[in-house]
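Fold and geometry: a report
Letter by letter, the chains look like this.
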Amino acid sequence: MKLPREVAAFDSASAMVVATARFLHNRDTPPMGRPAGRLLGPLAVAANRLPIRLRETIYSLASGAEARPAAHMAALDIEDVAAAIAGLYPRRRYPAVAIGSSSGALVHLCAALGMAWLPQTLLLPLRQRQVPPDDSMRAVHAFDATAQALLARNPDFVLHHMHDPNQDRLTSRRMAYFRVKRTRLGPAYERFLAETLDPGGVLLLAECTRRWPTTRVGQRHVFQFGAVGGLEPQQYHEGDPRIADYLRRYGVQRTRWQVPAPDGESPEAEWGFEPALRDDVIAFASRHGYQVRRLVFDDPDDLSPLVADLYRWWYRRRGLPADRLLVESFMLLDPWWALRTGCVPYWSTFPVEGSANALTRYLEQSDAYDYLHLMLFCHGVESVGLATVDQWKAVLDHARVAGSFAGVDPGRYPSDLATFFRYQSALRAIPARYPIPEPLPLTEFGRFFAEHRHRYPAVKIED
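Below is a short write-up of the structure. Values in this document were obtained by computation on a predicted structure and should not be read as measured data. (Residues numbered from 1 in each chain as written. Predicted model: local features only at pLDDT ≥ 70, side-chain atom pairs only at ≥ 80, totals over all residues. Heavy atoms only, no water.)

Bringing the pattern of salt bridges into the picture now. The tally for this structure, following the rule as stated, stands at 27 salt bridges. Notably, a salt bridge pairs Asp-11 with Arg-179, separated by 2.9 Å at the nearest N-O pair. Pair noted here: Asp-11 is in the segment before helix H1 (12–24) and Arg-179 is in strand S5 (residues 175–182), with a separation of 168 residues, a long-range link. Residue classification places Arg-179 among the buried residues on the basis of a relative accessible area of 2%. Two residues, Asp-280 and Arg-184, come together in a salt bridge whose shortest N-O distance is 3.5 Å. In this pair, Asp-280 is assigned in helix H12 (residues 276–288) and Arg-184 in the loop between S5 and helix H9 (186–196), connecting sequence segments 96 residues apart. Residue classification places Asp-280 among the buried positions, given a relative accessible area of 9%. (Salt bridge = Lys/Arg side-chain N within 4 Å of Asp/Glu carboxyl O. Helix = DSSP H or I, 4+ residues; strand = E, 2+ residues; numbered from the N terminus. Buried < 20%, exposed > 50% of the residue type's maximum accessible area, 1.4 Å probe, protein only.)

Written out as structure tokens, the structure reads:
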């Protein structure tokens, strides 16, 4: 179960497709999506003892090691990548297959319903050394020739070159973010669906409607400055006092970023759904007698309250306690262990103030949980909009019995390199063990949503 080397493992879509596929193989999700990743844990613990700037360098080197040379990426056939993605899943019949946007909550929905997920968006990490993180004017055209060659070879996707010096400061020192969005299913995905989807089965389109200002570089090629997280688009483009403080901490002699002028809006590079794919899915379903349902949501973690409540209802129906909430963070997630430990999964996009506020609203509107286990993805820098340890401690105070950090050292957050390995140990330390249940029928999920949809105004299910 290996991802193709051209796709970043250190990314939302990759981590989530691996977690989904491994669950369907009745396996847990190892660190970094690879069983061998566990061997790096002791090195990360040792690196944690180093000064912060050395830890940042290690983070940059480790994440940048995934990047591929421009010449290699220019010759990539995306269908080879799609075939490898589909090949991660067990070859068996599925009542439904999800296609589209990434969301950790969607991973848990797939686990509950026993369905596979085919991502629309993938990150192709491109090796680069010549573009400083804060120089977006240089970044925008740094790889035009590579982009043109890649697009000419692959006519069925659009390219979003994303550049975020706030949250991706360390990774962008050594790689450029080429995110590609599929506009057609393509032969590999079509073949997988024809071989595995039940006759009359459901194609569930996961459509995140999040958009972002972009600058058009070429046909099917846009540049996005900034990304979903601690800042809104206008703050990236217009400036903010917190940005000036952030740049000062890194010795940058400016108070705001100079950015290419946006000339339109596009689906957000990492999370947004490219609508062109919908028409192709509908046409494919019509030819093969499948049904199409649309799961539409505004932001990637809008599904989290719905899925958490679904699990809570499911546990109670099975006669299990439903008093333990597992809060996951970005690529730190594991659907197999959530079900084995009887945890209600709530996925947060990033450890930023917006995610902390959304989680707080959920806790305040729900029956209280006895136990809270909180994971925090560590991207290495105190980026603008990052929620503080004290803010997360306030979240943990909602637990009636005990709230605890799961795998992250709050004294080293957000540069705790060991959290990518310790979160698995934290899951194993949860004392409860339950058998993995049979999947919920899709009709049961439909009934649950119909009865409770008033609680989830940002989510729609449409035919």
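This part takes up the nonpolar core. Counting residues in each nonpolar core, the largest one holds 159 residues, and the members touching the most others are Tyr-89, Ile-99, Leu-203 and Leu-325. In terms of residue count, the dominant contributor to this core is H1 (nine residues). In this view, Tyr-89 contacts Val-17, Thr-20, Ala-21, Leu-24, His-25, Tyr-94, Ala-116, Trp-117, Leu-118 and Phe-192; residues no more than four positions away in its chain are not counted. Counting eight residues, the second largest nonpolar core, distinct from the first, contains Leu-123, Met-162, Ala-227 and Ala-269. (Core = buried A, V, L, I, M, F, W, Y, C linked by side-chain atoms within 4.5 Å. Contact = heavy atoms within 4.5 Å.)

The subject of this paragraph is the pairing of strand S2 (residues 116–119). What you see with S2 is no split at all: Ala-116 and Leu-118 on one side and Trp-117 and Pro-119 on the other are buried throughout. Here four bridges tie strand S1 (residues 94–100) to S2, and the two strands are oriented parallel to one another. Looking at S2, one finds that Gly-100 is bridged to Pro-119. In this region the chain leaves S1, passes through helix H6 (residues 104–113) and returns to the parallel neighbour S2; the handedness of that crossover is right-handed. (Pairing = 2+ DSSP bridges. Right-handed = clockwise from strand over helix to strand, strands pointing away.)

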